[in-house]
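Structure assessment
What follows is each chain in one-letter form.
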Amino acid sequence: MQNQTSPLILSFGVSDPVGAIGIQADLATFSAFGCHGLSVTTGLLISDTARVEDVQAVDPDWVSDQARVLLEDMSVSAIKIGALGSVENVTAIAEIVSDYPNVPLILDPFISALPEQGMDDEDILTAVRQLLIPQTTLLVLSPVELERLAETWRDADPDDTLQNDVDYLVALGCEYVLVTGMPADASKSGTGEGKLRANTLFGEDGVVRHDVWQHLPGIFNGAGSTLSAAATALLALAQNEDDVPQVVVAAQEFTTGALAHAQRHGMGKLVPNRLFRQQPQRDAQ
């Protein structure tokens, strides 16, 4: 009998019937890097490629029991947390991950496709800030999501900046914050306004990396979760949190490839192809 050698990754997230977001998408991304994914379901979606119609949060006792049984049986190399579903789930997951302080934790709790009762809930946002962010190795979110999160500790003020908000999160204990999808200064590249996006990685000493990427045409479902899942897999393989800046670059490159090879499964949005590296290129017809 062959012993298991692939890094194990535990993913908390929603179950998406399409497989565009949530734990199904995470498992595909982990597999693309040769990692084996373990999953804990935090919610159930009713969805197709166009939209998520509804979400039902899983009972927090079930969330806790799913994770505890797995973690008592196996050692994981990284933990990813996606959509949470309820305040009670945040509390349960925070208690679980606190028992594994040496395991890299990647937090990507915002999913734009979900109905507003998800991370739009003030109580959930506050619980995430208080209980999960202080334990996080890498937090992934967009400028809009960062602004929404920041509303839980400050009033809207024109003097507040993205850097101030990131500094607050790092002061809480979050090691790195990756802010994605910011408009880039096209004048410096000569490629035309609106065609570039920038992802900026922040750490204790401020900006660690600022990467500019060509914006790909199309409407995608699952681009952000692909990025965070790829970073999780790469951290599991690296087993060194000092490698986060290099991991972020490689995760962005992978996500760009998955989007460039995205597939249209239905009448709605394009789904990133996380297995594009493993599929033979078809001859043009």
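Now for a look at the structure at hand. Given the structure is predicted, the values throughout are model-derived calculations rather than measurements. Numbering of residues starts from 1 in each chain and follows the order in which that chain's sequence is written. Per-residue local features of the predicted model are confined to residues with pLDDT of at least 70, and side-chain atom pairs are confined, for both listing and counting, to 80 or more; whole-chain, interface and lining totals are unaffected and use all residues. As a rule here, side-chain values cover all heavy atoms of the structure and leave hydrogens and water aside.

1. Here we look at the overall build of the protein chain
Along its length, the protein chain carries eight helices and nine strands. Categorising residues by exposure relies on relative accessible area from a 1.4 Å probe, with only protein chains included: less than 20% of the type maximum marks a residue as buried, more than 50% marks it as exposed, and the intermediate range marks it as partly exposed. The proportion of buried residues among the 285 residues of the protein chain is 52%. Pairs of residues are marked as contacts when any of their non-hydrogen atoms sit within 4.5 Å. A separation of at least 24 residues holds for 68% of the contacts in the protein chain among residues at least 6 apart in sequence. Methods summary: accessible areas were calculated by the Shrake-Rupley approach with a probe of 1.4 Å, and residue burial reflects only the protein chains presented. Carbon and sulfur atoms form 49% of the exposed surface of the protein chain, whose accessible area is close to 13,800 Å². Strands here mean DSSP runs of E at least two residues long; helices mean DSSP runs of H or I at least four residues long; both are numbered from the N terminus.

2. With respect to the layout of surface pockets
The distinction between a cavity and a pocket rests on a 1 Å grid over the protein atoms alone: a 1.4 Å probe fits inside a cavity but cannot get out, while a pocket stays open yet meets protein on both sides within 12 Å along at least five of seven lines, and a residue with an atom within 4 Å of a point counts as lining. Grid points are joined across faces, edges and corners, and a volume is the space filled by probe spheres set on the points. In this structure, the largest pocket spans a volume of roughly 980 Å³. As for the largest pocket, its lining consists of 32 residues, of which Thr180, Gly181, Ala223, Gly224 and Leu259 are closest to the centre. Of all the secondary-structure elements, those providing two or more residues to the lining of the largest pocket are strand E6 (138-141), strand E7 (176-183), strand E8 (196-203), strand E9 (206-214), helix H7 (223-238) and helix H8 (244-260).

3. Section: empty space enclosed by the protein
Applying the stated criterion to the full structure yields two cavities of 30 Å³ or more. Taken together, Gly22, Asp26, Lys80, Gly82, Ala83, Asp108, Phe110, Ile111 and Ser225 make up the lining of the largest cavity. All residues other than Ala, Val, Leu, Ile, Met, Phe, Trp, Tyr, Cys, Pro, Asp, Glu, Lys and Arg, Gly among them, are scored as polar; the first ten of these are nonpolar and the last four charged. For the lining of the largest cavity, the residue count by class is three nonpolar, three polar and three charged.

4. Concerning helix H6 (residues 162-172)
Those residues of H6 not exposed but buried are Asp165, Val166, Leu169 and Val170. Burial along H6 is one-sided: seen end-on, the buried residues are contained in an arc of 140°. Tucked inside the fold, the buried residues of H6 contact E6, helix H5 (143-150), E7 and E8. Looking one or two places after H6, you find glycine 173, whose phi comes out positive at around 130°. Read the arc as the range of directions from the helix axis to the C-beta atoms.

5. Quick look at the packing of helix H1 (residues 22-32) against H7
Here an angle of 0 to 180 degrees is reported between the N-to-C directions of two axes, which are lines fitted to C-alpha atoms, with helices fitted over the stretch in contact. Two elements in contact, H1 and H7, have axes whose closest approach is 9 Å; the angle formed by their N-to-C orientations is 45°. Judged by the inter-axis angle, H1 sits oblique to H7. Regarding H1 and H7, the two cross each other, and that crossing is right-handed. Where H1 abuts H7, its residues Asp26, Thr29 and Phe30 lie against Ser225, Thr226, Ala229, Ala230, Thr232 and Ala233. Taken together, the residues of the contact of H1 with H7 sort by class into four nonpolar, four polar and one charged. Just so you know how the angles are binned, under 35 degrees is roughly parallel, over 145 roughly antiparallel, 65 to 115 roughly perpendicular, and the rest oblique. Each crossing is labelled by how the near helix is turned from the far one, with a counterclockwise turn of less than a right angle marking it left-handed and a clockwise turn marking it right-handed.

6. Comments concerning the environment of serine 142
Positionally, serine 142 belongs in the loop between E6 and H5. It is 8.9 Å that separates the C-alpha atoms of serine 142 and glycine 224, two residues lying 82 residues apart in sequence. Filtering out sequence-adjacent residues up to four positions away, serine 142 remains in contact with Val179 and Thr180.

7. Focus: the side chain of arginine 274
The residue arginine 274 is located in the segment after H8 in this model. Positive charges come from Lys and Arg alone, negative charges from Asp and Glu alone, with His and the N- and C-terminal ends not counted. Just to be clear on terms, a salt bridge is a Lys or Arg side-chain nitrogen sitting within 4 Å of an Asp or Glu carboxyl oxygen. Although arginine 274 is buried, it makes no salt bridge; aspartate 26 carries the closest opposite charge, 6.5 Å away. At a separation of 3.0 Å, a polar atom in the side chain of arginine 274 contacts the side chain of threonine 226. For arginine 274, the contacting residues outside a window of four places in its chain are Gly19, Ala20, Ala25, Ala28, Thr29, Ala32, Gly222, Ser225, Thr226, Phe254 and Ala258. By the criterion applied in these results, polar contacts are pairs of N or O atoms within 3.5 Å in which, for protein atoms, one can donate a hydrogen and the other can accept it, and in which residues neighboring in sequence qualify only through two side-chain atoms.

8. Looking at the pairing of strand E1 (residues 8-15)
For a regular strand, side-chain orientation follows a simple rule: the groups alternate between the two sheet faces. Of all eight residues in E1, eight are buried; the element is thus mostly enclosed. As paired elements, E1 and strand E2 (residues 36-47) share eight bridges and run parallel to each other. Each residue of the ladder has a partner; that of serine 15, found in E2, is leucine 44. Considered for its hand, the β-α-β crossover made up of E1, H1 and E2 is right-handed. By the convention used here, strands pair only if DSSP detects at least 2 bridges between them. A right-handed crossover is one whose linking path, passing over the helix from the first strand to the second, runs clockwise when the strands point away from the viewer.

9. Examining H7
For a helix, the expected span equals 1.5 Å multiplied by the number of residues minus one. Helix length check: H7 (16 residues) gives 23 Å between terminal C-alpha atoms against 22 Å at 1.5 Å per residue, within 8%. Among all positions of H7, only Ser225, Thr226, Leu227, Ser228, Ala229, Ala230, Ala231, Thr232, Ala233, Leu234, Leu235 and Ala236 are buried. Downstream of H7 by one or two residues, glutamine 239 has phi in the positive range, about 55°.

10. Description of the pattern of salt bridges
One side chain can pair with another of opposite charge once the charged atoms of both are near each other. Applying the stated criterion across every chain yields a total of seven salt bridges. A salt bridge links arginine 68 to aspartate 99; the nearest nitrogen and oxygen atoms lie 2.8 Å apart. One end of the pair, arginine 68, is in helix H2 (residues 60-73); the other, aspartate 99, is in the loop between helix H3 (87-97) and strand E5 (105-107), and 31 residues separate them in sequence. In this structure arginine 68 comes out as partly exposed when scored by relative accessible area, which is 22%. Relative accessible area serves as the criterion here: at 46%, aspartate 99 is assigned to the partly exposed category. Connected through salt bridges with shared partners, the residues Glu122, Arg148 and Glu151 form a single ionic network.

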